[in-house]
Amino acid sequence: MADSSDVGSLHRLTARDVFDHEAYDFTTWMEANIDSLSDVLELGLSAAEREKNVGTFSVDLVAEDGSGRRVIIENQLEETDHKHLGQVLTYLTFLDAKVAVWVTAEARPEHVSAVSWLNENASGADFYLVKVEGVQVDNSRPAPLFTRIVGPSPETRAARQTKQEWDERDRLRYEFFKGLLERVENHTSLFNSISPKPRRGISASGGPGYGFGFSISRSESRAYLYMHFERTQAVNDEAFEVFKEHREEIESKVDFDLEWVQDENRRRLIRYVEPVGYDGESQWGKAQDRLARAMAQLEGAVRPYLTRAREAAQRRIEKLEAESGAS
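Residues numbered from 1 in each chain as written. Predicted model: local features only at pLDDT ≥ 70, side-chain atom pairs only at ≥ 80, totals over all residues. Heavy atoms only, no water.

Undergrad: Whenever I open this one, the side chain of serine 38 confuses me. Can you help?
TA: Residue placement: serine 38 occurs in helix α3 (residues 34-41). For serine 38, the residues in contact, after removing those within four places along its chain, are Leu43, Gly44 and Leu45. (Helix = DSSP H or I, 4+ residues; strand = E, 2+ residues; numbered from the N terminus. Contact = heavy atoms within 4.5 Å.)

Written out as structure tokens, the structure is:
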């Protein structure tokens, strides 16, 4: 063990204390010493090349990582700014790189957030924000010190993958409902004022307490009537019972099987289920035709009982209000 008198003092320096000029000094040094950055980022960087032309601009360094991915490196021996963020994105896309490294003397919080957001949302690219400063022990020669501020992680990659899957799912939902609504207007006017949405379902009012809707999942799609009296589930049950009392008549007016749903998830609905979801794009046309016809038939079959069911629900509401007032 060294004597305490042999232990030096570490001094931190600015990047400008170590390198006078960004392009001539720092970038040149980086080209010859790319391992210093590579070790911090664990990327296995190699084949660094300076001043690669990108249109009328030139990226500071282009390298490869251990997987053979192209890496662009943009140096800034000052505080980060929007201009350099734009350059990073421009160079990345123009050179079709998969990794972007932004080396800076000081990272502003908004740019830390921006790079974090890019790692979670940008498709197929990894982004690193790295701080560079100088260190010196006593009167030794100064040396650059790299510190990773932001970079991809298994969590951000998983979040990015999930978001991409969600985006694709939402696109498929929108396209499915767009085609469905075009077919529905030939059968019923219920959805004439409804626009397609990238959501799980779309709905149209059937009057106070009711709605008609379509929904879609990965493997199936549905047309349904649902009860949505807000007061209490008992009120929805009261309306649902009216339809159940006339189940035989309702089912005799449609040429498909109906499901009557009254479950622990508080759902009270009558629905037709089509075994084609957003994953079955090649089968959408026929499925949309069947759903459109099913909705028109369902509407016609339940329409005679809507007022009666609504009156039953209202009586239950009044009863509950009276019980509440008495207590």
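Undergrad: Mind showing me how you'd approach the packing of aromatic side chains here?
TA: The description of two aromatic rings rests on the distance between their centres and on the angle between their planes. Overall, the coordinates contain eleven aromatic pairs when judged by the stated rule. Taken together, a centroid distance of 6.0 Å and an interplanar angle of 85° make the contact between tyrosine 210 and phenylalanine 243 edge-to-face. Placement of tyrosine 210 in strand β9 (residues 210-216) and of phenylalanine 243 in helix α7 (residues 233-245) is noted, with a sequence separation of 33 residues between them. Under the relative-accessibility criterion, tyrosine 210 is labelled buried at 0%. Each residue in the set Phe19, Phe26, Trp29 and Phe146 is aromatic and connected to the rest through ring pairs, giving one cluster. (Phe/Tyr/Trp six-rings, centres within 6.5 Å; stacked < 30°, edge-to-face > 60°. Buried < 20%, exposed > 50% of the residue type's maximum accessible area, 1.4 Å probe, protein only.)

Undergrad: Before we go on, may I ask you to explain helix α9 (residues 284-326) in this structure?
TA: Note: α-helices contain 3.6 residues per turn, so residues at a spacing of three or four share the same orientation. Its 43 residues place the ends of α9 only 55 Å apart at the C-alpha level, less than the 63 Å of an ideal helix rising 1.5 Å per residue. Along α9, the sharpest change in direction is near 50° and occurs at arginine 303; proline proline 304 comes one to four residues later. (Expected span 1.5 Å × (residues − 1). Bend = angle between axes of the 7 residues up to and from the residue.)

Undergrad: Hey, could you run me through the sheet that holds strand β12 (residues 268-274) in this one?
TA: Neighbouring strands of a sheet are bound in pairs by backbone hydrogen bonds; such pairs are parallel or else antiparallel. Strand order across the open sheet formed by five strands is β8-β9-β10-β12-β11, with antiparallel pairing between neighbours. With one partner strand each, in any of the chains shown, β8 (201-205) and β11 (259-262) form the two edges of the open sheet. Averaged over all adjacent pairs, the angle separating strand axes in this sheet is 25°, with direction ignored. Summarising the sheet, strand β10 (residues 221-227) and β12 pair through six bridges and their orientation is antiparallel. From the neighbouring strand, tyrosine 226 faces β12, where its bridge partner is leucine 269. Packing of helix α6 (residues 154-184) onto the sheet brings it into contact with β8, β9 and β10, and relative to β9 it is tilted by some 130°. (Pairing = 2+ DSSP bridges. Axes fitted to C-alpha atoms, helices over the stretch in contact; angles between N-to-C directions.)

Undergrad: Would you take a moment to explain the environment of threonine 28 for this structure?
TA: Relative to the assigned elements, threonine 28 resides in helix α2 (residues 22-32). Given the relative accessible area of 29%, threonine 28 is considered partly exposed. As a C-alpha pair, threonine 28 and leucine 77 span 49 residues in sequence and 13 Å in three-dimensional space. With residues near it in sequence (within four places) discarded, threonine 28 still touches Ala23 and Arg50.

Undergrad: Is there a simple way to explain the nonpolar core in this structure?
TA: The tendency in soluble globular proteins is for nonpolar side chains to be buried as a group. Formed by 47 residues in total, the largest nonpolar core has its most connected members in Phe191, Tyr210, Phe214, Leu225, Phe243, Ile270 and Val302. The set of elements that each furnish at least two residues to this core consists of α6, β8, β9, β10, α7, β12 and α9. It is α9 that provides the largest number of residues to this core, a total of 15 residues. With sequence-adjacent residues up to four places away left out, tyrosine 210 is seen in contact with Ser205, Leu225, Tyr226, Met227, His228, Phe229, Ala239, Phe243, Leu306, Ala309 and Arg310. Grouped together as the second largest cluster of nonpolar side chains are 23 residues, Phe19, Leu41, Leu77 and Val130 included. (Core = buried A, V, L, I, M, F, W, Y, C linked by side-chain atoms within 4.5 Å.)

Undergrad: Looking at this structure, I do not really get the packing of α2 against α3. What am I missing?
TA: Between two packed helices, what matters for the description is the angle formed by their axes and the separation of those axes. Put simply, α2 and α3 touch, their axes get as near as 5 Å, and they point 75° apart. In terms of orientation, α2 lies roughly perpendicular with respect to α3. On α3, the residues touching Trp29, Met30, Glu31 and Ala32 of α2 are Ile34, Ser36 and Leu37. Here the residues of the contact of α2 with α3 are counted per class, giving five nonpolar, one polar and one charged. (Parallel < 35°, antiparallel > 145°, perpendicular 65-115°, else oblique. Nonpolar A, V, L, I, M, F, W, Y, C, P; charged D, E, K, R; others polar.)

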